Amino acid sequence: MPAGTQTAKPIHGPGARGPRGPRPKVNHPERLLLRLLQKILKNYGAACVVVVLCIVISVLANVQGTLFMQTLIDDYILPLTRQANPDFSGLAHAISRVACFYAVGAAAAYLQTRILVNVSQGTLRNLRNEMFLHMEELPVRYFDTHSHGDIMSTYTNDIDTLRMMISQSIPQFLNSIITIVSVFVSMLRLNIPLTLITLAMIGVTLFSTKKIGSLSAKYFIEQQKSLAAVNGHIEEMMNGQKVVKVFTHEEKSLEDFNRLNDHLYESAKNANTFGNILMPVNAQIGNISYVLCAIAGGILALNGVGGFTLGGLASFLTFNKSFSQPINQLSMQLNNIVMALAGSERIFRLLDEKPETDNGYVTLVCAKKENGVLTETEERTGLWAWKHIHQADGSVDYVELKGDVVFDDVDFGYNPDKTVLHNVDLYATPGQKIAFVGSTGAGKTTITNLINRFYDIQDGKIRYDGININKIKKADLRHSLGIVLQDTHLFTATVMENIRYGKLDATDEEVIAAAKLANADAFIQQLPDGYQTLLTGDGANLSQGQRQLLAIARAAIADPPVLILDEATSSIDTRTEKIVQDGMDKLMAGRTTFVIAHRLSTVKNSDCIIVLEQGRVIERGNHDQLIAAKGKYYQLYTGNLAET
Amino acid sequence: MLKTLGAQIKEFKKDSLITPVFMMLEVIMETIIPLMMASIIDDGVEAGNLRHIYVTGAFMAAAACFSLFCGVMGGKFGAKASTGFARNLRKAMYENIQTFSFSNIDKFSTAGLVTRLTTDVTNLQNAYQMLLRMCVRSPFTLICAMAMAFFISPKLAVIYLSAVIVLGTILAVITVNAHRYFLQAFPKYDDLNASVQENVSAIRVVKAYVREDYEKQKFTAASQNIYRMFQKAENILAFNNPAMMLTVYSCIIAISWLGAKMIVGSTLSTGELMSLLSYCMNIMMSLMMLSMVFVMLTMSIASAERICEVLTETSDIVNPENPEYEIADGSISFSHVTFRYNKTSAAPVLSDINLSIKSGETIGIIGGTGSSKSSLVSLISRLYDVDEGSVSVGGKDVRSYDLDTLRNEVAVVLQNNVLFSGTIYDNLRWGDPNATDEECRHACALACADEFIERLPDKYHTYIEQGGTNVSGGQKQRLCIARALLKKPKILILDDSTSAVDTATDAKIRKAFAEEIPGTTKLIIAQRISSVQNADRIIVLNNGVIDGFGTHEELLAQNEIYRDVYESQTGGSGDFDEGGVS
């Protein structure tokens, strides 16, 4: 990510997974790897085979080039120096052959990276799509029980590490392995004693890497801890910086910060020192290995032991250099792969989430009424009916969509063992306005989650126009309901498109009409580009009240017979509230409406007010009746509530 | 920018200078090894001199060991210099932020400041370390190896030189082009993730309108678009490796051919040919490294710029030269005050405000959102400075007082209030570090916070989590009021500070104020009429101008806005939830 985008959108998830430090723990890495490989191979099987072939070819081309040094020195240079009239044609021939191998190697390397781009980017695209498509099918419960930051980090961090793994770590890992094997075989063929020396020095390298690793682990953990402390402090104090100013607490704040900052410096210095040391140590052990082989090889070549030649020494020394590097890198690549597997574990967890089930079979159709009998029709009549195909005998019933909602002894809990609503009964005839009141946590918002089946009830029945809502197809059920939520959510799009979200085929005129109904037209006209103004960041450039008005307009254009309104509690001032309220009133006219009420004016003229406390209906009736009863509603209403 | 950042190296100058020296020494030792290798071959193996092999071998081993030492030292000092630099940067920024006025803070935003202090500093720390180590190592290796090549055979070295120029150009072209595509792709990628974010948080809306398929379609299209863009960028990068390989291979072929001829012609030795081939790898690898380092450094430029913004920002509110340290009383007066947050915007937030408040008075302030209630009171403790006119406290312009004195005498309970991690006592003592337990409890009693504190398991020693997440909104507000009371200020400003407190408790707090701190001037901003109607006088603000100023009865009779608000709220608290929240 370019650093420039960080301030604007801090959505890149928790960046806590640092590049260094101890290797992450993953359960069953082989299963994850297998599953991931399946995903890749399904679409890019042939490509992957080509990539592996290309890696083999480019490694072998390199190895034969190194082996050629032996031939060059032993078979051409040394004999030629002894000739009076050296003939270079043999050498020219040999060199052009090597050049051909090299060319093939370079071409293979190009092909490999080029194909890998398609494989890695393509796999990522497929995974991303699969994740998103699957996510859209997940029940609301998933989003309520998982932190949004974590979900996002699956799309950002985990996908990013996966990209690294597919495009770099795995091919490099393969490359290293193939290089190690082919170089090792070549070395053995050239000289066995020197190979043993090389192996011994590799042993030393591995030992030192492990030693430094275990020594540094302590410091890295400490660095991580003090970094977390400093970041935590920064976050807290920057959030409270205005309070710091008001209380003239600057000195103290600085003092605390300096202490933490100095501590971080100490641990970061130690951790980084170890991090920096590893590379030169390994490089120089490699050099010492080179030196030892040079000395031993020199002696062997000098004495011609086992037919070891000068050319052989030259080739061997080059191999010696190219042997330690892939071995040193193996552990890093393995680390990256494990890290990416940890990420893919989270991706798979998302993909394994159970999607929302829908066993409904009652659908919503356009209808017309002839002689009092409902029949289905293709055209939009404005009249809707539930098409109920009876499972027993296949006969079809049509029931007019009216907006008649009944709760019959409903029990519900977000967790099966903790019931939030107990024995709730309620009855709303078409066009009625039902208001829910009660203190926070009484279960008001929960009711809105049930009618549209964001959550399913545990016991009892909810009937819509006499039909059990479990029998209605979810999409059709939701089409027949309009919701205006407490936190309005707008999308990155124009105002026009945001309102049109309620009815995708609405014309501009319909959108404007809906905005007028919701009292939103006036402020939209004043926006820089009117209805074409682009909203970003959940409508960050609008006030709370304005966003609420857009949400009302969005519900208005959908024109559903039943409405669920969750009033905004946040501090809209009294005057804006009036406008919003007015918009809501216009929307409610003629529809069955459930209102989660926070304001008096909404409640007063409701047909029925339901007072909830701890998940139970404790009072019901209209305003006057409840005031007369002098119960909980009376207390809430007059505000003479003792603190709980 | 470099100057600003460079100034923060401070005590780590020595380490910053030593690191490159060690890196260079390491490189020199490394480049000597292949040369000695040539000597082993030529003067040892070919000449049949065993002793020479031993002696040169020993020298090589010594060089490797010295190189190891230098590498370790370079790593050590490099780590010290870069982490120290990071520490100084954080400290300098933090220090400067402490001098920031409210408008400075607004300008950067909290999130902006946090990013600068955390991610950006880490980026610069890594960049600085790279600058001291890799940025020295790579070019220096290139130069040394090249010099060695010229030393061995100027004729053959020319091949390397031209190869470096060719490969360098190719790498530069690839990098620049790919970077351009990446710059286009990254914002799109961010947009895609932002749309996922939208879907996650607005899932209820998506599901309620049955728009899953619509969203899927949108996402798939965007995702395909991103696939194409990244593919384009990475396809360019795919040339990197083969270009490097081709160059190295061409060099090897050319050197093998020409070298063989020269050896036969006795102008080059076998050992020299071998060392030349080894320098070839050194040169090309370091060139590759250099291009990578370059890309990484350019990525940190944005961070460097953002850090510099904080370091060079100067507070627009500073202490006067000969400040007053004594505030006579709690009287306040505004005279023709005009104020705007953004100095370039035409419409002022407050215009031509004239007010006179006597010491000890209780003043209510009411008005709609955006009517500038908070702006009005923030001028009193000089959280912002006026554009025109003047604000006086105790008969003197606020700009003549020492800032600490002024803010200690004018206590503000901010609308977005914050408690800090620590015990309740710790938090309360922000108001007065020397307050006794007795005084703390008294302040809590005034703010009606004592009742709930007493019910907590650890009472006043209860640990408040970061951001005060373990107390309710109403409890938080009361603790904040108590904290401000401990300052024993001459003026107390409550900016919508009892909105989450139920009406009865709200009334109790106001009663306590009237009885216990009658001498303190009290300004109370509220949404609820009931919170202000008993005040001595009430200010009605509307769009940055004073619409009315008088007692409850006067305003009810004369002021239309006040009457409107009053009527809409009569009959109760106006909000059902609040009783239950606290």
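Residues numbered from 1 in each chain as written. Chains lettered and ligands numbered in written order. Predicted model: local features only at pLDDT ≥ 70, side-chain atom pairs only at ≥ 80, totals over all residues. Heavy atoms only, no water.

Draft legend 1. Molecular detail of the overall build of chain A. If you tally the helices and strands in chain A, you get 18 helices and 16 strands. Referenced to the eigenvectors of the C-alpha coordinate spread, the extents of chain A come out at roughly 120 × 70 × 50 Å. Burial analysis of chain A (644 residues in total) assigns 52% to the buried set. The long-range share in chain A, meaning contacts at least 24 apart out of those at least 6 apart in sequence, stands at 73%. One way to put it: in chain A the 60 positive side-chain charges average out to a point 7 Å from where the 63 negative ones average out. (Helix = DSSP H or I, 4+ residues; strand = E, 2+ residues; numbered from the N terminus. Buried < 20%, exposed > 50% of the residue type's maximum accessible area, 1.4 Å probe, protein only. Contact = heavy atoms within 4.5 Å. Lys, Arg positive; Asp, Glu negative; His and termini not counted. Charge placed at Lys NZ, Arg CZ, Asp CG, Glu CD.)

Draft legend 2. Fine view of the overall build of chain B. The secondary structure content of chain B amounts to 22 helices and 12 strands. Over its C-alpha trace chain B gives a radius of gyration of 36 Å, far above what one expects of a compact globule, namely 25 Å for 582 residues. On the principal axes, the C-alpha backbone points of chain B span a range of 115 × 60 × 50 Å. Burial status across chain B gives 58% buried among its 582 residues. The long-range share in chain B, meaning contacts at least 24 apart out of those at least 6 apart in sequence, stands at 77%. Within the structure as shown, chain B displays about 22800 Å² of accessible surface, and the carbon and sulfur contribution to it stands at 59%. (Rg over C-alpha atoms; globule rule 2.2 N^0.38 Å. Areas by Shrake-Rupley, 256 points an atom, 1.4 Å probe, with all protein chains shown as cover.)

Draft legend 3. A look at the pairing of strand β10 (residues 521-525) of chain B. All names here are of chain B. Across the 5 residues of β10, 5 count as buried, placing the element largely inside the fold. Burial along β10 is two-sided: Thr-521, Leu-523 and Ile-525 and Lys-522 and Ile-524, pointing in opposite directions, are all buried. Across 4 bridges, strand β3 (residues 362-366) lies against β10 in parallel orientation. If you follow Thr-362 over to β10, its bridge partner there is Lys-522. One crossover worth recording links strand β9 (residues 491-495) to the parallel β10 by way of helix α18 (residues 503-516), and it is right-handed. (Pairing = 2+ DSSP bridges. Right-handed = clockwise from strand over helix to strand, strands pointing away.)

Draft legend 4. Region of the structure containing the environment of Ile-327 of chain B. Within the secondary structure, Ile-327 of chain B sits in the loop between α11 (270-312) and β1 (332-339). Each residue touching Ile-327 of chain B, except ones within four places of it in the same chain, is listed here: Val-393, Tyr-401, Thr-405, Leu-406, Glu-409 and Lys-490 of chain B.

Draft legend 5. Representation of the packing of helix α1 (residues 29-82) of chain A against helix α8 (residues 310-352) of chain A. Residue and element names in this part refer to chain A. One way to put it is that α1 packs onto α8 with a least axis distance of 13 Å and a crossing angle of 170°. With respect to each other, α1 and α8 are oriented roughly antiparallel. Across the contact of α1 with α8, the residue classes break down as 14 nonpolar, 7 polar and 5 charged. (Axes fitted to C-alpha atoms, helices over the stretch in contact; angles between N-to-C directions. Parallel < 35°, antiparallel > 145°, perpendicular 65-115°, else oblique. Nonpolar A, V, L, I, M, F, W, Y, C, P; charged D, E, K, R; others polar.)

Draft legend 6. Highlighting the confidence of the model for chain A. Residue and element names in this part refer to chain A. Confidence along chain A averages 82 in pLDDT terms, with 92% of residues attaining 70 or more. For chain A, helix α16 (residues 600-604) is the element with the lowest average pLDDT, namely 71, and helix α2 (residues 89-137) is the one with the highest, namely 91. Long-range and interchain partners of residues 1-22, a stretch whose pLDDT sits below 50, account for 53 contacts in this model, where long-range means more than four residues apart. Within the model, pLDDT remains below 50 along residues 640-644, and this stretch shows 14 contacts once partners closer than five positions in the same chain are excluded. (pLDDT = per-residue confidence, 0-100.)

Draft legend 7. Quick look at the side chain of Asp-496 of chain B. Residue and element names in this part refer to chain B. With respect to the helices and strands, Asp-496 occurs in the loop between β9 and α18. What makes Asp-496 buried here is its relative accessible area of 10%. Setting aside anything within four residues of it in sequence, one finds Asp-496 in contact with Gln-415, Gln-477, Ile-525, Ala-526 and Gln-527.

Draft legend 8. Molecular detail of unusual backbone geometry. Residues and elements named next belong to chain B. In the Ramachandran plot, Ser-266 falls in the positive-phi region, its phi being about 65° despite a non-glycine side chain. Backbone geometry places Lys-459, a non-glycine residue, at a positive phi of 50°. Looking at Lys-459, the relative accessible area reads 36%, which means it is partly exposed.

Draft legend 9. Highlighting the sheet that holds strand β6 (residues 410-413) of chain B. Residue and element names in this part refer to chain B. Strands sit in the order β6-β9-β10-β3-β11-β12 across an open sheet of 6 strands; the sheet is mixed. At either end of the open sheet lies a strand with only one pairing partner, and these are β6 and β12 (545-550). Geometrically, the sheet is characterised by an average inter-axis angle of 15° between neighbouring strands, direction not taken into account. Packed on one face of the sheet, helix α17 (residues 473-485) meets β6 and β9 and runs near 175° to β6.

Draft legend 10. Structural context of the sheet that holds strand β1 (residues 363-370) of chain A. All names here are of chain A. Taken in spatial order, the 4 strands line up as β2-β1-β3-β4 in an open sheet, and their pairing is antiparallel. Edge positions in the sheet fall to β2 (373-376) and β4 (396-400), since each has one partner strand and no second. For this sheet, the mean inter-axis angle between neighbouring strands, taken without regard to orientation, is 50°. Judged from the 4 bridges that link them, β1 and strand β3 (residues 384-389) form a sheet pairing that is antiparallel. Across the sheet, Thr-363 pairs through a bridge with Lys-387, a residue of β3.

Draft legend 11. Quick peek at a negative patch on the surface. All names here are of chain A. Together, Asp-408, Asp-409, Asp-425 and Asp-459 make up a region of like negative charge exposed at the surface. Its place among the elements puts Asp-408 in strand β5 (residues 405-412). A residue is classified by how much of its surface remains accessible, and Asp-408, at 35% relative accessible area, is partly exposed. (Patch = residues over 30% accessible without salt bridge, like charges linked within 9 Å, V, L, I, M, F, W, Y side chains within 5 Å. Salt bridge = Lys/Arg side-chain N within 4 Å of Asp/Glu carboxyl O.)

Draft legend 12. Looking closely at helix α14 (residues 544-558) of chain A. Residue and element names in this part refer to chain A. Its 15 residues give α14 an end-to-end C-alpha distance of 22 Å, which sits within 8% of 21 Å, the value for a rise of 1.5 Å per residue. The buried count for α14 comes to 12 of 15 residues, which makes it a mostly enclosed element. Considered for burial, the residues of α14 that qualify are Gly-545, Arg-547, Gln-548, Leu-549, Leu-550, Ala-551, Ile-552, Ala-553, Arg-554, Ala-555, Ala-556 and Ile-557. Remark: Asp-559 follows α14 within two positions and exhibits a positive phi of approximately 50°. (Expected span 1.5 Å × (residues − 1).)

Draft legend 13. Highlighting the interface of chain B and chain A. Counting residues at the interface gives 163 residues for chain B and 162 residues for chain A. Roughly 14600 Å² of surface becomes buried between chain B and chain A when both sides are summed, with 65% attributable to carbon and sulfur atoms. Among the salt bridges present, the one from Glu-137 of chain A reaches Lys-216 of chain B, with a minimum N-O distance of 2.5 Å. When residues of the side of chain B that touches chain A are assigned to their parent elements, the largest contribution, 28 residues, is made by helix α3 (residues 50-99) of chain B. (Buried area = accessible area lost by both parts, 1.4 Å probe.)

Draft legend 14. Region of interest: the domain arrangement of chain B. The domains assigned to chain B are domain 1 (2-312) and domain 2 (332-579). Centre-to-centre separation of domain 1 of chain B and domain 2 of chain B, based on C-alpha positions: 56 Å. (Domains from an automatic or database assignment.)

Draft legend 15. Quick look at the nonpolar core. If you look at the biggest cluster of nonpolar residues, it comprises 145 residues, and the most contacted ones within it are Tyr-155 and Leu-162 of chain A together with Met-60, Tyr-160 and Met-284 of chain B. For Met-60 of chain B, the contacting residues outside a window of four places in its chain are Tyr-290, Val-291 and Ala-294 of chain A together with Ile-33, Met-36, Met-37 and Ile-40 of chain B. The next biggest cluster of nonpolar side chains, apart from the first, holds 108 residues, and it includes Val-246 of chain A together with Ile-105, Val-310 and Ile-525 of chain B. (Core = buried A, V, L, I, M, F, W, Y, C linked by side-chain atoms within 4.5 Å.)

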